[in-house]
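Listed below are the residues making up each chain.
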Amino acid sequence: MLVPAAVSPLVAGTVAGAVRPCPVLAAFPTCLYLGLGAHADVLAVLASDALALPIGLRLAEPSSTVRWGVAAGDTVLVGAGRVRLPHAEVVASRLARPARVRAGARRVGAARLLPEPGVLGELVAELVADALAGRPVESGVHGLVGAGRGLTPSGDDALCGALLALVAGSSTGSDAGAAAGRALSRVRTAVRSALGRTTSLSAALLVAAGDGYAVPEVARLVTALQAGPGAASSAADTGPAPAVAAAVTDLLAPVLAIGHSSGHDLVSGLAGALLALDASDPPRHQTLSDHTHRNDPTEKGSRSA
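Visitor: Please explain the sheet that holds strand β3 (residues 31–35) as it appears in this structure.
Guide: Hydrogen bonds between backbone groups are what pair the strands of a sheet, and the pairing can be parallel or antiparallel. An order of β1-β5-β4-β3-β2-β6-β7-β8 is seen for the eight strands of this closed barrel, with the pairing classed as mixed. Sheet twist, expressed as the mean angle between neighbouring strand axes with direction ignored, is 30°. Where helix α1 (residues 9–16) meets the sheet, it contacts β1 (2–7), β2 (20–28), β4 (42–46), β5 (56–59), β6 (75–79), β7 (82–84) and β8 (89–95), and its direction lies at approximately 135° from that of β1.

Visitor: Can you walk me through the packing of helix α5 (residues 175–193) against helix α6 (residues 200–210) in this structure?
Guide: Describing two packed helices takes the angle between their axes plus the distance from one axis to the other. Packing of α5 against α6 brings their axes to within 10 Å, and their N-to-C directions diverge by 165°. Considering their axes alone, α5 and α6 lie roughly antiparallel with respect to each other. The two elements α5 and α6 meet at a crossing, and its hand is left-handed. Residue-level contacts link Leu184, Arg188, Val191 and Arg192 of α5 to Leu206, Val207 and Gly210 of α6.

Visitor: What's the story with α1 in this structure? I'm lost.
Guide: What sets the pattern is the α-helix's 3.6 residues per turn: residues three or four places apart point alike. Every buried residue of α1 is accounted for by Val11, Ala12 and Val15. Angular distribution of buried residues about the axis of α1 spans 125°; they occupy a single face of the element. At its buried positions, α1 is contacted by β1, β4, β5, β6, β7 and β8.

Visitor: How should I be thinking about the environment of Tyr213 in this particular structure?
Guide: Structurally, Tyr213 is set in the loop between α6 and α7 (216–224). Put simply, Tyr213 and Leu53 are 160 residues apart on the chain and 8.8 Å apart in space, counted from C-alpha to C-alpha. Beyond its immediate chain neighbours, meaning those up to four positions away, Tyr213 contacts Leu10, Pro54, Pro98, Ala99, Arg100, Leu164 and Ala208.

Visitor: Could you clarify how one ought to interpret the nonpolar core in this entry?
Guide: Side chains of nonpolar character tend, in soluble globular proteins, to be buried together. Within the largest apolar cluster, 96 residues are counted, with the highest numbers of intra-cluster contacts made by Leu34, Leu43, Ile55, Val83, Leu114, Val218 and Leu221. Take this core: its biggest share by element is ten residues, from helix α4 (residues 154–169).

Visitor: Quick question: what am I supposed to make of the packing of α4 against helix α10 (residues 262–280) here?
Guide: Where α4 meets α10, the axes come as close as 7 Å, and the angle between the chain directions of the two elements is 45°. Classified by the interaxial angle, the pair formed by α4 and α10 is oblique. The crossing of α4 and α10 is right-handed. Residues Ser154, Asp157, Ala158, Cys160, Gly161, Ala162, Ala165 and Leu166 of α4 form the contact with α10, whose own contacting residues are Ser262, Asp265, Leu266, Gly269, Leu270, Ala273, Leu274 and Leu277. A breakdown of the residues in the contact of α4 with α10 according to their chemical character gives ten nonpolar, four polar and two charged.

Visitor: What am I meant to see in empty space enclosed by the protein here?
Guide: In this approach the atoms are scanned with a rolling probe the size of a water molecule, which exposes any empty space left behind. Applying the stated criterion to the full structure yields one cavity of 30 Å³ or more. Lining the largest cavity are Arg106, Ala165, Ala168, Gly169, Val222, Leu225, Gln226, Leu270 and Leu274. Taken together, the elements giving at least two residues each to the lining of the largest cavity come down to α4 and α10. The dominant element in the lining of the largest cavity, judged by the number of residues it contributes, is α4, at three residues. In the lining of the largest cavity, the residues fall into six nonpolar, two polar and one charged.

Cut-offs used in this document
- Residues numbered from 1 in each chain as written.
- Predicted model: local features only at pLDDT ≥ 70, side-chain atom pairs only at ≥ 80, totals over all residues.
- Heavy atoms only, no water.
- Pairing = 2+ DSSP bridges.
- Helix = DSSP H or I, 4+ residues; strand = E, 2+ residues; numbered from the N terminus.
- Axes fitted to C-alpha atoms, helices over the stretch in contact; angles between N-to-C directions.
- Contact = heavy atoms within 4.5 Å.
- Parallel < 35°, antiparallel > 145°, perpendicular 65-115°, else oblique.
- Left-handed = near helix turned anticlockwise from the far one by under 90°.
- Buried < 20%, exposed > 50% of the residue type's maximum accessible area, 1.4 Å probe, protein only.
- Arc of directions from axis to C-beta.
- Core = buried A, V, L, I, M, F, W, Y, C linked by side-chain atoms within 4.5 Å.
- Nonpolar A, V, L, I, M, F, W, Y, C, P; charged D, E, K, R; others polar.
- 1 Å grid on protein atoms, 1.4 Å probe; cavity = no way out; pocket = protein on both sides within 12 Å on 5 of 7 lines; lining within 4 Å.
- Points joined across faces, edges and corners; volume = space filled by probe spheres on them.

Shown next, in the form of structure tokens:
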């Protein structure tokens, strides 16, 4: 039986390439993770109700109707545009671009709209502060990569949040954006040199995050925390701060629901990175509190002195 699926450009080349045996790294009702050779090369075969990972081959069918027929440790054939399973061949019939965070203007104070960063977020804040200051980041990265349990350890999830925050803040139109871009390059290089310290799936997601790719729920949240071009909506750009907070609150809930703790850990890293970015260049951007005052009629004339 042939089952059509949409393939991410991040893995389309490998799926279309020569047929090869690939190990099943993990199997769940909603998805399969297949190793593609190199440690950080992973293909996620996803039912329609699975989290839309940026490294995916996504079926139109829900998990309730899908039978993978394989378990972790088994081998399947991947190539020539197909994944050959015992009961079906999943065919990459079209491309589907994954969600991506784009560089844009940073909204100082946005971290206050997120939960407290906690220990993970504090470690990320120190790491990003070092990167922004041009100090070595390898020690901080090594303390996070692979730290924790599961297919995506907590430290990796926090690093994904940090990388996405740096991608979002690395616009070329300001000194602060250029500094964020340099910090992104430093952290991304250190992370990619340490991928052997974590699982293959987590390594693949760290590589994707370093280029701004994430699941749609996360990409929408990070974009909503931006200001100016690329913000989630015009309300986030020109509306009162309460509208920004309401939008972020709505987008935060589905991110926090990801995995057992992955969503929480990613948000901790995101908050920590945003705090470090704020501390590095506080006076050059409009803060949320400034925005509130400018839209508060009771403040009229209070700045005229």
